[in-house]
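Coordinate analysis (summary)
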There are 2 protein chains.
Amino acid sequence: MRQTGSPLGSPGSPADSSGLSRRRMLALVGKTFGGAAMYHAMTSLGFAQASPFQGPPRLDGAPKGTKVLVLGAGMAGLVAAYELRNAGYDVQVLEYNGRAGGRSWTIRGGDRYTELGGATQVCRFAQGEYVNPGPWRIPYHHHGMLDYARRLNVPLEPFIQVNYNAYLHSPGAFGGKPQRYRAVQADYNGHVAELLAKAANRGGLDGDISAEEKDKLLESLASFGGLDKDLLYAKGFVSSERRGYDVPPGGGLMARAQYSTPVARSELVRSRLWQSLAVAHQYEFQTSIFQPKGGMDRIALALYERVKPHVQFHAKVTAIAQDARGVTVTYEDARQPGRGVRQAKADWCVCTIPLSILSQVDLQARPELLAAIEAVPYAAAFKAGLQFKRRFWEQDDGIFGGISYTELPINRISYPNAGFNAQGPAVVLGAYMFGPNAFEFSAMDPADRLREVVRQGGQMHPQYEREFDNGVSVGWHRVPWINGCMATWTDKTRDRHYDNLCAIDNRLVLAGEHASFIGGWQEGAVLSAQDAITRLHAKIKAAKA
Amino acid sequence: MRQTGSPLGSPGSPADSSGLSRRRMLALVGKTFGGAAMYHAMTSLGFAQASPFQGPPRLDGAPKGTKVLVLGAGMAGLVAAYELRNAGYDVQVLEYNGRAGGRSWTIRGGDRYTELGGATQVCRFAQGEYVNPGPWRIPYHHHGMLDYARRLNVPLEPFIQVNYNAYLHSPGAFGGKPQRYRAVQADYNGHVAELLAKAANRGGLDGDISAEEKDKLLESLASFGGLDKDLLYAKGFVSSERRGYDVPPGGGLMARAQYSTPVARSELVRSRLWQSLAVAHQYEFQTSIFQPKGGMDRIALALYERVKPHVQFHAKVTAIAQDARGVTVTYEDARQPGRGVRQAKADWCVCTIPLSILSQVDLQARPELLAAIEAVPYAAAFKAGLQFKRRFWEQDDGIFGGISYTELPINRISYPNAGFNAQGPAVVLGAYMFGPNAFEFSAMDPADRLREVVRQGGQMHPQYEREFDNGVSVGWHRVPWINGCMATWTDKTRDRHYDNLCAIDNRLVLAGEHASFIGGWQEGAVLSAQDAITRLHAKIKAAKA
């Protein structure tokens, strides 16, 4: 999922003062010992790796007998409950679903899911197979998530983000025939490098670069683009060592290798397949990037295991009231609308209910907070997991893990990044779409969705129809407890509402990916929760002092 | 390791005739049904994925009681022995070492290794830790290797080839301070894209591209380079979403994000750090790429388990004689030079002894084969595995797996690609060098090598000295049973000697990476062995007929 809105928020917002003082100290070290000492000092302070994550929150001196109510047992709620309980708070968690994790959700064989509208799907995946309808990746810089995986002993494995042998596909390019990522990547780099080398050699850059820089630039372009000695991108050894061979090198007296032929520049540029190459360079999708072994919910469930006695499932919050003395939350049994109404009371409250739902709750708060909650719409998204009878993508197509992209509505196919070479069935992510396509697919009957996803995927993999076994899909705006996939901020709504959304409102503070600049990612929920409880803890201590 | 010499060998070498006839059939399908049908037909024939590997060799009808002697129990010898035995041949394998695998070698705690010159190292790695002094990666297109992993149930895990958070380092660039891969990658793409966009907008490409192509090219350059709306690569949201932030986006009311500043183009071009970016695009290093769980020797050892009763260790071959009736191989006890001399007899022989050693054996063969054996020098290589007390690269530097590159002789540091987040010691590949540097390091005492490797690595990781525990190193030209790391072909030696090296010589055929176009890779050994035994089998059947 993509971050929406500028991550800087309002210009001129105050910098972190503890960071500033550390920076001042570092400047001092730099002046005294020079650059190398500076670098060593930065490393030993753990500062070279700039991150808003500075380790788990330190919540010393929690006043005895203070109770905090946590609404929601997704990543933000679980983090809040876990850290507050570790700090000595009395914690109670109310959760709408009959399971913890929220969007950190993994669907496995036997799981049952009923969406808005009443359609129920029962997953029939084989043992060990799964799909993550929500988050599915943890980038190397999501330090909060990585830290919980470490502290809770949840094993991680590499997620293969880039696979040079996967496909790039557009029905309108190359007669609809999928191209290998490596060929598109090699040809794009090659043509760009050749064009720039030509321009440089013609003097077309003379105003921009010196003669000395030009020589080094040309050398770098040959390396970057796989150009030959004449600085051309042409059929031959260098280009085939990037885009692959028609017949690759072999052993003994096997058929000799045959070079492949680069695609013409104009055809490549027109194909627009280059669009998918940029993903690999995006901060959020750069390698190394991870998945928990066995499903994304493993981290949330590991947190849940530590706070289990404090969590109440099937609790649908209908009202949140607060006064000078405490918070009162009214909830009912989520399985029986209007039945089982009860109240929970506490001194303070951390609310992680998605804004799309919270806006429907009777909430007692400042008008600024209520306005903020109303201001943030939720995006639509759709995912489908497909189980096939065998790993034909590995066995027939040589695609081991990674992602194929297509201009078709399904947008991509993500292959399993574990269990390579295994016999028997396996599950791919067969569609992951946003916006109008997501609405359109979610509007269909679940069986029709799968039919269409299989039909479209079959344009890349002719084996699809024959090998399809069963599947499951989630249209996020039909998910009863969120009605969307993630909060969608704009620069304008950030400026106006973000600080108001995050500020403690008397005895209540909000947390979740919606209260972060890392929208749609678990890390946003984690950092938001850590920040919220750190501020709440300070307020609680100040109130007691 | 790199392939040496052109993979096409002699120009005009005959193409595989069965491939030609299949291609003719496909052309016919294409004419009749158009592109889509063509693509489907290609897939169903398993031809879309062009590979010299066409499945394990089919060796039907082996004459009963025929004995084949296999010399060497590395990947080539093990593949030959396994497939020949499966086909019904009587197989005997002679191996110099006291273990199988040859260069498919994994060093673990407790292992002892004595090199030429007599220095003995005893590895003191912790349980589960290892280093692969030889091959360490299996690319997605090494179908032979992947097929043996599949058939023998050896689990594979992703090797992280590219890590955007790893370092690129040169003592002469950026004051010796290592740069993050993501920053160098983003800035290089950004500057190249901006330069080309400028040249295009000035009309500098008008002879090369049409107006329509120019528009699409500019759009692609913005995507490729992370350019802003003015087609400039500048400090801001777009560039920070690639090169990273000074302060990344956080949650709640944490310090607001701060954009990072791109490095100036001239400084980047001069730094030569761009050199390491090309590796990711090379056919042999493209993702997805794998390692067997637990060490590279797992596949070789799985093969060995299947042919164990036929393998004799500590057998040093000194002479190979052959006549019209059979082959006689003389060998002695490798542990006692000149002692335990014995002879083995067989009908046929597959010799996988490296050419560097075979050239020292008294071999009865055509002059053309003897000349070929003499003609191919072996490259020098050096690797060192370092165990550190903790995973500081993960804990302090946010580097999870992958490779940092440096211009220092150690050349690179490769971090463990499994066990992320684990507490306790872990092993990195601390040096991997070729040529003069490899000779220089191998000439040192093992303890001095490690000291120097640790000293150099400390320029990227200041924690090195403090955290270093123990290590082990292998200088390949000091390895007694090979005296080098891999055969080094040139176009000229290929033209003159390759076919002679691979041709069956009366009752003897050679196999190994040296008899392949995939030099220094296990796949070369596998395909070479499969090709050699397929031809030998055909000859044996013809001789009996």
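Everything numeric in this text was worked out from a predicted model, so none of it was measured.

What counts as what
Residues numbered from 1 in each chain as written. Chains lettered and ligands numbered in written order. Predicted model: local features only at pLDDT ≥ 70, side-chain atom pairs only at ≥ 80, totals over all residues. Heavy atoms only, no water. Helix = DSSP H or I, 4+ residues; strand = E, 2+ residues; numbered from the N terminus. Rg over C-alpha atoms; globule rule 2.2 N^0.38 Å. Contact = heavy atoms within 4.5 Å. Pairing = 2+ DSSP bridges. Axes fitted to C-alpha atoms, helices over the stretch in contact; angles between N-to-C directions. Salt bridge = Lys/Arg side-chain N within 4 Å of Asp/Glu carboxyl O. Buried < 20%, exposed > 50% of the residue type's maximum accessible area, 1.4 Å probe, protein only. Least-squares fit on C-alpha atoms with pLDDT ≥ 70 in both. Buried area = accessible area lost by both parts, 1.4 Å probe. Domains from an automatic or database assignment. Phe/Tyr/Trp six-rings, centres within 6.5 Å; stacked < 30°, edge-to-face > 60°. pLDDT = per-residue confidence, 0-100. Expected span 1.5 Å × (residues − 1). Arc of directions from axis to C-beta. Polar contact = N/O pair within 3.5 Å; in protein donor to acceptor, adjacent residues only side chain to side chain. Parallel < 35°, antiparallel > 145°, perpendicular 65-115°, else oblique. Nonpolar A, V, L, I, M, F, W, Y, C, P; charged D, E, K, R; others polar.

Attention now moves to the overall build of chain A. A count of helices and strands for chain A gives 16 helices and 27 strands. Taking 24 Å as the expected radius of gyration for a compact globule of 545 residues, we find that chain A reaches 27 Å, a close match to that expectation. Overall, chain A is about 80 × 70 × 40 Å in size when its C-alpha atoms are taken along their principal axes. By sequence separation, contacts in chain A at least 24 residues apart represent 70% of the contacts at least 6 residues apart.

Once that is clear, we can look at the sheet that holds strand β27 (residues 508–510) of chain B. Residue and element names in this part refer to chain B. Read across the open sheet, the 5 strands follow the order β14-β2-β1-β18-β27; overall the sheet is parallel. Looking at the sheet topology across the chains shown, the edges are occupied by β14 (311–312) and β27. In the packing of helix α16 (residues 522–544) onto the sheet, the strands contacted are β1 (67–71), β18 (348–351) and β27, and the crossing angle to β18 comes to about 170 degrees.

All names here are of chain B. This model, assessed by the stated rule, comprises 52 salt bridges over all chains. Note that Arg 151 and Asp 147 form a salt bridge whose closest N and O atoms lie 3.4 Å from each other. Here Arg 151 and its partner Asp 147 are both found in helix α3 (residues 143–151), 4 residues apart, which amounts to about one turn of the helix. Here Arg 151 falls in the partly exposed class, since its relative accessible area comes to 24%. Glu 212 is paired through a salt bridge with Lys 216; the nearest N and O atoms lie 3.5 Å apart. In this pair, Glu 212 and Lys 216 are both assigned in helix α5 (residues 211–225), 4 residues apart and thus about one turn of the helix distant. Judged by relative accessible area, Glu 212 falls into the partly exposed class, the value being 47%. Taking the relative accessible area as the measure of exposure, Lys 216 reaches 21% and is therefore partly exposed.

So, about the relation of the copies chain A and chain B. At an RMSD of 0.0 Å, chain A and chain B line up after a rotation of 180 degrees and a shift of 0.0 Å along the axis. Both chain copies can therefore be described as sitting about a two-fold axis. A high fraction, 100%, of the interface residues of chain A reappear at the interface in chain B, so the copies pair face to face through one surface.

Counting from both sides, the interface comprises 113 residues of chain A and, opposite them, 116 residues of chain B. Summed over both partners, the interface of chain A with chain B comes to about 10600 Å²; 59% of that surface belongs to carbon and sulfur atoms. The tally of links between chain A and chain B comes to 10 salt bridges. The residue B:Lys198 makes a salt bridge to A:Asp208 at a minimum N-O spacing of 4.0 Å.

Moving on to the domain arrangement of chain A. In terms of domains, chain A is made up of domain 1 (67–102 + 298–375 + 491–544), domain 2 (107–165 + 287–295 + 379–478) and domain 3 (181–268). Centre-to-centre separation of domain 2 of chain A and domain 3 of chain A, based on C-alpha positions: 35 Å.

Attention now moves to the environment of B:Gly419. With respect to the helices, strands and loops of the structure, B:Gly419 is situated in the loop between β23 (412–415) and β24 (426–434). Taking the C-alpha atoms as reference points, B:Gly419 and B:Glu129, 290 residues apart in sequence, are found 10.0 Å from one another.

Here we come to unusual backbone geometry. Of the consecutive residues A:Thr287 and A:Ser288, the connecting peptide bond is found in the cis state with omega at 0 degrees. On the secondary structure map, A:Ser288 appears in the loop between α7 (265–271) and β13 (289–292). A positive phi angle is found at A:Phe174, which is not glycine, with a value near 55 degrees. As for its placement among the helices and strands, A:Phe174 is situated in the loop between β9 (167–169) and β10 (179–180). Phi at B:Arg272 is positive, roughly 60 degrees, even though this residue is not glycine. Inspection of the secondary structure puts B:Arg272 in the loop between α7 (265–271) and β13 (289–292).

The next thing to look at is the packing of aromatic side chains. With the rule as written, the count across this model stands at 53 aromatic pairs over all chains. Between the aromatic rings of A:Trp489 and A:Tyr498, the centroid separation amounts to 5.5 Å while the plane-to-plane angle is 75 degrees, which identifies the pairing as edge-to-face. Looking at A:Tyr498, the relative accessible area reads 0%, which means it is buried. Between the aromatic rings of B:Phe392 and B:Tyr464, the centroid separation amounts to 6.1 Å while the plane-to-plane angle is 75 degrees, which identifies the pairing as edge-to-face. Of this pair, B:Phe392 sits in helix α11 (residues 392–395) while B:Tyr464 is found in helix α14 (residues 464–467), placing the two residues 72 residues apart along the sequence. Each member of the pair, B:Phe392 as well as B:Tyr464, carries the same accessibility label: buried.

Time to look at the pairing of strand β25 (residues 468–475) of chain B. Residues and elements named next belong to chain B. Counting buried positions over the 8 residues of β25 gives 6, a clear majority of the element. Alignment of strand β21 (residues 381–388) against β25, held across 7 bridges, turns out to be antiparallel. Bridge pairing in β25 links Ala 384 to Ser 473.

Residues and elements named next belong to chain A. Residue-level pLDDT values for chain A average 92, and 91% of them are 70 or greater. Counted against residues more than four places away or in other chains, residues 1–49, with its pLDDT under 50, gives 86 contacts. The ipTM assigned to the predicted complex is 0.91, against a pTM of 0.91.

Here A:Asp396 lies in the loop between α11 (392–395) and β22 (402–406). Residue A:Asp396 is classed as partly exposed on the basis of its relative accessible area, which comes to 22%.

Within helix α8 (residues 297–307) of chain A, burial applies to A:Asp297, A:Ile299, A:Ala300, A:Ala302, A:Leu303, A:Tyr304 and A:Val307. For α8(A), the elements touching its buried residues are α2 (75–86), β3 (107–108), β7 (138–139), α3 (143–151), β13 and β14 (311–312) of chain A.

Turning to the pairing of strand β22 (residues 402–406) of chain B, a few remarks are in order. Residues and elements named next belong to chain B. With 5 of 5 residues buried, β22 lies mostly within the body of the structure. Here β22 shows a buried face lined by Gly 402, Ser 404 and Thr 406 and a second buried face lined by Ile 403 and Tyr 405. Across 2 bridges, strand β9 (residues 167–169) lies against β22 in parallel orientation. Paired with His 169 across the strands is Thr 406, a residue of β22.

We now examine helix α15 (residues 491–502) of chain A. Residues and elements named next belong to chain A. End to end, α15 covers 16 Å across 12 residues, agreeing with the expected 16 Å (1.5 Å per residue, within 8%). Where α15 is concerned, the buried positions are Thr 493, Arg 494, His 497, Tyr 498, Leu 501 and Cys 502. Summarising the axial view, the buried residues of α15 lie within an arc of 130 degrees, below the 170-degree limit, and thus occupy one face. For α15, exposure combined with an orientation more than 90 degrees from the buried face picks out Lys 492 and Arg 496.

What follows concerns the sheet that holds strand β8 (residues 156–158) of chain B. With respect to topology, 3 strands assemble into an open sheet ordered β7-β13-β8 (chain B), the strand pairing being antiparallel. The two strands at the open ends of the sheet, each matched to only one other strand, are β7 (138–139) and β8 of chain B.

What follows deals with the side chain of B:Thr287. Among the structural elements, B:Thr287 can be located in the loop between α7 and β13. A distance of 2.6 Å separates a polar atom in the side chain of B:Thr287 from the backbone oxygen of A:Val162. With residues up to four places along the chain from it excluded, the contact list for B:Thr287 reads A:Val162, A:Asn163, A:Tyr164, A:Asn165, B:Tyr140 and B:Gln161.

We now examine the side chain of B:Ser414. Residues and elements named next belong to chain B. The residue Ser 414 is located in strand β23 in this model. The class for Ser 414 is buried, based on a relative accessible area of 5%. Apart from residues no more than four positions distant in its own chain, Ser 414 is found in contact with Trp 136, Phe 159, Gly 402, Ile 403, Val 428 and Leu 429.

Turning to the packing of α3(B) against α16(B), a few remarks are in order. Residue and element names in this part refer to chain B. Between α3 and α16, the shortest axis-to-axis distance is 8 Å and the interhelical angle comes to 85 degrees. The orientation of α3 with respect to α16, classified from their angle, is roughly perpendicular. Taken together, the residues of α16 that come into contact with α3 (itself represented by His 143, Gly 144, Met 145 and Tyr 148) are Gln 522, Glu 523, Val 526 and Gln 530. Tallied by class, residues from the contact of α3 with α16 come to 3 nonpolar, 4 polar and 1 charged.

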